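Residue strings, one per chain:
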Amino acid sequence: KAGVTQTPRYLIKTRGQQVTLSCSPISGHRSVSWYQQTPGQGLQFLFEYFSETQRNKGNFPGRFSGRQFSNSRSEMNVSTLELGDSALYLCASSLGLGESLEQYFGPGTRLTVT
Amino acid sequence: KNEVEQSPQNLTAQEGEFITINCSYSVGISALHWLQQHPGGGIVSLFMLSSGKKKHGRLIATINIQEKHSSLHITASHPRDSAVYICAANFGNEKLTFGTGTRLTIIP
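Please read these numbers as outputs of a predicted model, since none were measured by experiment.

A. Geometry of the overall build of chain A. The number of helices and strands found in chain A is 0 helices and 11 strands. A globule of 114 residues ought to have a C-alpha radius of gyration of about 13 Å, and chain A, at 13 Å, matches this closely. The C-alpha extent of chain A, read off along each of the three principal axes, is 35 × 25 × 25 Å. In chain A, buried positions account for 47% of the 114 residues.

B. The arrangement of the nonpolar core in detail. Within the largest apolar cluster, 24 residues are counted, with the highest numbers of intra-cluster contacts made by B:Leu32, B:Trp34, B:Phe47, B:Leu72 and B:Tyr85. Listing elements by their share of this core, those giving two or more residues are strand S3 (19-25), strand S4 (31-37), strand S5 (43-49), strand S7 (59-64), strand S8 (69-74), strand S9 (83-90) and strand S11 (102-107) of chain B. Residues A:Val19, A:Trp34, A:Cys91 and A:Leu111 belong to the second largest nonpolar core, which totals 21 residues.

C. Expanded view of the pairing of strand S6 (residues 52-56) of chain B. Counting buried positions along S6(B) gives 0 out of 5 residues, so the element sits mostly on the surface. The loop that links S6(B) with its antiparallel partner S7(B) comprises 2 residues; one of these, B:Gly57, has a positive phi angle of about 65°.

D. Here's a closer look at the state of the cysteines. On inspection of all chains with the given rule, the structure shows 2 disulfides over all chains. Disulfide partner of A:Cys23: A:Cys91, at an S-S distance of 1.9 Å. What sets the handedness of the A:Cys23 and A:Cys91 disulfide is the S-S torsion sign, and at about 70° it is right-handed. With A:Cys23 in strand S3 (residues 19-24) and A:Cys91 in strand S9 (residues 87-94), this residue pair connects regions lying 68 residues apart in the sequence. Take A:Cys23 and A:Cys91: they sit in the same class, and that class is buried. The disulfide partner of B:Cys23 is B:Cys87, and the gap between their sulfur atoms is 1.9 Å. In this structure, the disulfide formed by B:Cys23 and B:Cys87 twists by about -55° around the S-S bond and is classed as left-handed.

Rules and cut-offs
- Residues numbered from 1 in each chain as written.
- Chains lettered and ligands numbered in written order.
- Predicted model: local features only at pLDDT ≥ 70, side-chain atom pairs only at ≥ 80, totals over all residues.
- Heavy atoms only, no water.
- Helix = DSSP H or I, 4+ residues; strand = E, 2+ residues; numbered from the N terminus.
- Rg over C-alpha atoms; globule rule 2.2 N^0.38 Å.
- Buried < 20%, exposed > 50% of the residue type's maximum accessible area, 1.4 Å probe, protein only.
- Core = buried A, V, L, I, M, F, W, Y, C linked by side-chain atoms within 4.5 Å.
- Pairing = 2+ DSSP bridges.
- Disulfide = S-S within 2.5 Å.

So, in structure tokens, the structure goes:
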């Protein structure tokens, strides 16, 4: 069974631009969560999607948004990029909702904002 | 406030040594996760536990609910175990809260 895939793996953008990252979960998994990892803040939860609905949201500004499609694939978008948005963005999939379900992580997208 | 603390932040050991990484959390949790992150960024879920002890190969994870504490042990450590190990917890119905990670280096 293929693992979680994320595209692109690396991305360089300029301040003020917007970016869209994609995540394809493991086949059969219906929940997708997004995380941001920076050297200063470590790993932080962004949001979770299940059945095309956002179920949970972390403490991030409205510039960060996402969506999930009927095939469970998910995208996250960051508008008006800031230097501080440079980070590794990870998505993880799980079978369904539930805090005690194991999550499977993708390789991440490394975003650099210049 | 939901918090997860790990210790040590950095750990260097000789190949073959027994390794222990500690994790403590502030309030009751529904699950505790141990994750491994290699250079390059990919994260692998090692264990998810809510009580007792789990073992997978040379890795052992334990949790003490009363003391709000979990440990990850590596027996007969090997250079390929070098990675960052991250503890994360589910507090109630909230999503994962992560510790700051422990950078482990195993010297041949």
